[in-house]
Amino acid sequence: LLISPPLLYYSLQPPHTLALVLLFCAGLPLRAAAAVNIAQPQAIVPHGMSMASSIGMGLAWGLAGIITPIVGLVSDRTGNLSYALSLTVIFPVIAAGVALVLPTRPVGQALPPGSQH
């Protein structure tokens, strides 16, 4: 995830051919994280795997649906699409920070009763 922000940021600068290459390279780790977005909630809630992965993916798509019009509004208000898109570069960093505080344990191993994580 953390390799994407600089690639996304520099893809907003000309030349456009380089921007396409950088966007492709930035998209690889972001798309690769999709499997983790499904597996991590399943590991946290082993007895409700379908619901857990649905909530995780729904949250991701829901946030994207909320943020997209905000980026459009910022672009319209400032008249600068590159600026509006540059504000989204921080989201992979936030996602990595959230991933660091998620509980970790072997897949399928239930938490001990009374455990906080």
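Residues numbered from 1 in each chain as written. Predicted model: local features only at pLDDT ≥ 70, side-chain atom pairs only at ≥ 80, totals over all residues. Heavy atoms only, no water.

The helix and strand inventory of the protein stands at five helices and zero strands. Start at the N end of the protein and walk to the C end: the helices and strands fall as α-α-α-α-α. Burial analysis of the protein (117 residues in total) assigns 19% to the buried set. By sequence separation, contacts in the protein at least 24 residues apart represent 51% of the contacts at least 6 residues apart. With the model as given, the accessible surface of the protein reaches about 8,100 Å², and the carbon-plus-sulfur share is 73%. (Helix = DSSP H or I, 4+ residues; strand = E, 2+ residues; numbered from the N terminus. Buried < 20%, exposed > 50% of the residue type's maximum accessible area, 1.4 Å probe, protein only. Contact = heavy atoms within 4.5 Å. Areas by Shrake-Rupley, 256 points an atom, 1.4 Å probe, with all protein chains shown as cover.)

Our focus in this paragraph is helix H3 (residues 49-78). Between its terminal C-alpha atoms H3 stretches 43 Å, which fits the 44 Å expected from 30 residues at 1.5 Å a residue. Turning to H3, its buried residues are Ala52, Ser53, Val71 and Ser75. Turning to H3, the residues buried within the fold contact helix H2 (16-44) and helix H4 (81-86). Among the residues trailing H3, Gly79 stands out with phi positive, at a value near 75°. (Expected span 1.5 Å × (residues − 1).)

Its location among the elements puts Leu22 in helix H2. You can call Leu22 buried: its relative accessible area is 14%. On a C-alpha basis, the gap between Leu22 and Leu7 in space is 5.5 Å, while along the polypeptide they are 15 residues apart. Each residue touching Leu22, except ones within four places of it in the same chain, is listed here: Leu7, Tyr10 and Ser11.

A grouping of Leu1, Leu2, Leu30, Ile90, Phe91, Val93, Ile94, Val98, Leu100, Val101 and Leu102 is seen on the molecular surface, where their side chains present a nonpolar patch of about 960 Å² in accessible area. The element that contributes the greatest number of residues to the nonpolar patch is helix H5 (residues 91-101), accounting for six residues. Its location among the elements puts Val98 in helix H5. (Patch = residues over 30% accessible without salt bridge, like charges linked within 9 Å, V, L, I, M, F, W, Y side chains within 5 Å. Salt bridge = Lys/Arg side-chain N within 4 Å of Asp/Glu carboxyl O.)

That's the geometry; what it means functionally is another story.
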